[in-house]
Amino acid sequence: MPVSMTAAAGAALAAALLSACGPDGSDAGGKPSASSTAPASDPATTAAPATTEPAATAPPTTTAAPTTTAPKPSQTPATKAPAKPAALMASGQTSAKVRELQARLGQLHFFSRNPTGFYGTVTEHAVSDFQERHGLSGSGTSVTQATWSKLTALTHTPTHKELYPPAPAKPAQKLDARCMTGRALCISKTTRTLSWVVDGKVQATMDVRFGSQYTPTREGLFHVNSKSRDHVSTIYHTSMPYAMFFSGGQAVHYSSDFAARGYAGASHGCVNVRDKAAIAKLFDEVEVGDKVVVYW
């Protein structure tokens with residue numbers, strides 16, 4: 001073979017060897033690496049098939065429900081109970097207005113006593129009867145504007161005589177003989193009346209009540225031994241206005257309890273009068289030394 005041909009063939013062989021080997025893939029110890037021993041792969045035939053994943057779907061948008069915050073107890077508006085009508089008059093009061101109330105009730109025959117100006121149980125019952133009769137709310141312990149308006153519409157303004165009626169001049173029965181001479185407070189337990197008698201003539205008569213069976217009012221002939229206009233009991237610490245003492249601690253005097261409760265109560269032995277105006281007048285007329293006759 002000619003030398004030129006031999007040289008050309010060697011050059012071609014060297015070029016072919018260089019293009020087939022590539023870089024040395026052995027590690028530092030001369031051992032082949034895993035990548036150098038793996039067979040060459042044809043990218044076109046051995047590559048894993050491409051997997052086409054669906055495009056990521058965004059989660060559906062959820063519209064949050066509006067948040068309702070319950071009001072705190074302190075923020076919750078309180079429900080107020082309807083206000084009670086204001087009372088123009090109420091049990092326990094003493095006034096000219098109460099006296100007018102009693103006089104007006106008397107015109108309609110709900111109040112059968114002489115007006116006293118004291119709002120007690122007798123007045124309570126009268127007011128309650130009036131309210132019930134006319135469909136008005138109330139228990140009789142107070143008078144509201146509604147009750148007062150109805151009452152005034154059905155009655156006239158009381159006269160002075162209706163507000164301050166004179167005490168009846170005639171006693172309920174024949175007087176005790178000891179009352180027929182001189183000046184005497186003639187007190188009958190049978191009729192529960194006191195008659196003021198001067199020289200056999202009756203000047204005034206008024207309702208009275210007496211002591212209970214445990215503290216009875218003594219009977220007999222006595223005399224007024226002292227008077228006390230604004231007396232207060234030293235034993236029971238209760239008020240005894242217009243007191244006229246006749247037997248120890250027993251006296252004729254005004255009683256607000258009698259005016260309020262009537263004969264539902266009793267005294268501790270005294271002779272109670274419930275008409276304040278009447279006994280006030282009597283107190284001014286009676287003198288120390290006048291007779292007091294208590295009898296059946």
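Each remark here, short or long, concerns the structure printed above.
Residues numbered from 1 in each chain as written. Predicted model: local features only at pLDDT ≥ 70, side-chain atom pairs only at ≥ 80, totals over all residues. Heavy atoms only, no water.

Is there a simple way to explain the nonpolar core in this structure?
Most often, soluble globular proteins have nonpolar side chains that are buried together. Counting residues in hydrophobic clusters, the biggest one holds 28 residues, and the most contacted among them are Leu185, Ile187, Leu194, Met244, Val252, Leu282 and Val292. A per-element tally of this core places helix H9 (residues 276-285) first, with five residues. Other than its neighbours up to four places away in sequence, Val252 contacts Leu185, Ile187, Leu194, Tyr242, Ala243, Met244, Phe246, Val271, Val273 and Ile279. The next biggest cluster of nonpolar side chains, apart from the first, holds 13 residues, and it includes Leu101, Leu105, Phe130 and Leu151. (Core = buried A, V, L, I, M, F, W, Y, C linked by side-chain atoms within 4.5 Å. Buried < 20%, exposed > 50% of the residue type's maximum accessible area, 1.4 Å probe, protein only. Helix = DSSP H or I, 4+ residues; strand = E, 2+ residues; numbered from the N terminus. Contact = heavy atoms within 4.5 Å.)

What exactly am I supposed to notice about empty space enclosed by the protein here?
Taken as a whole, this structure holds one cavity of 30 Å³ or more when the rule is applied. Within this model, the largest cavity holds a volume of roughly 50 Å³. If you go around the largest cavity, the residues you meet are Gln102, Phe111, Arg113, Asn114, Thr116, Phe118, Val122, Thr123, Ala259 and Arg274. Grouping the constituent residues of the lining of the largest cavity by class yields four nonpolar, four polar and two charged. (1 Å grid on protein atoms, 1.4 Å probe; cavity = no way out; pocket = protein on both sides within 12 Å on 5 of 7 lines; lining within 4 Å. Points joined across faces, edges and corners; volume = space filled by probe spheres on them. Nonpolar A, V, L, I, M, F, W, Y, C, P; charged D, E, K, R; others polar.)

Help me out: how do you make sense of the pattern of salt bridges in this one?
A side chain of one charge can pair with a side chain of the opposite charge if their charged atoms are brought near each other. The tally for this structure, following the rule as stated, stands at 12 salt bridges. Glu219 is the salt-bridge partner of Lys189, the closest N and O atoms lying 3.1 Å from each other. Of this pair, Lys189 sits in the loop between strand E3 (183-188) and strand E4 (193-198) while Glu219 sits in the loop between strand E5 (201-209) and strand E6 (220-223); the two residues are 30 residues apart in sequence, bridging distant segments of the chain. Glu219 gets classed as partly exposed once you look at its relative accessible area, which sits at 42%. Among the salt bridges present, the one from Asp207 reaches Arg274, with a minimum N-O distance of 3.1 Å. Taken as a pair, Asp207 in strand E5 and Arg274 in the loop between strand E10 (271-273) and H9 lie far apart in primary sequence, 67 residues in all. Residue Arg274 is classed as buried on the basis of its relative accessible area of 6%. (Salt bridge = Lys/Arg side-chain N within 4 Å of Asp/Glu carboxyl O.)

Hey, could you run me through the packing of aromatic side chains in this one?
When we look at a pair of aromatic rings, we describe it by the centre distance and by the angle of the planes. Counted under the stated rule, the structure contains four aromatic pairs. For the pair Phe110 and Phe130, a centre-to-centre distance of 5.6 Å together with 90 degrees between the ring planes defines the contact as edge-to-face. One end of the pair, Phe110, is in the loop between helix H4 (96-107) and helix H5 (121-133); the other, Phe130, is in helix H5, and 20 residues separate them in sequence. A single burial state applies to Phe110 and to Phe130, both of which are buried. On the numbers, 5.4 Å between centres and 50 degrees between planes, the contact of Phe222 with Phe246 is tilted. On the criterion of sequence distance, the pair formed by Phe222 in strand E6 and Phe246 in strand E8 (residues 239-247) is long-range, its members being 24 residues apart. Both residues of the pair, Phe222 and Phe246, count as buried. (Phe/Tyr/Trp six-rings, centres within 6.5 Å; stacked < 30°, edge-to-face > 60°.)

Help me understand the state of the cysteines in this model?
What is meant by a disulfide is a covalent connection between two cysteines, made through their sulfur atoms. Evaluation of the coordinates by the stated rule reveals one disulfide. Two residues, Cys179 and Cys186, share a disulfide whose sulfurs are 2.0 Å apart. Since a negative S-S torsion denotes a left-handed disulfide, the Cys179-Cys186 link at about 85 degrees is right-handed. Residue Cys179 shares its accessibility class with Cys186, and that shared class is buried. (Disulfide = S-S within 2.5 Å.)

Honestly, it's all geometry; don't read function into it.
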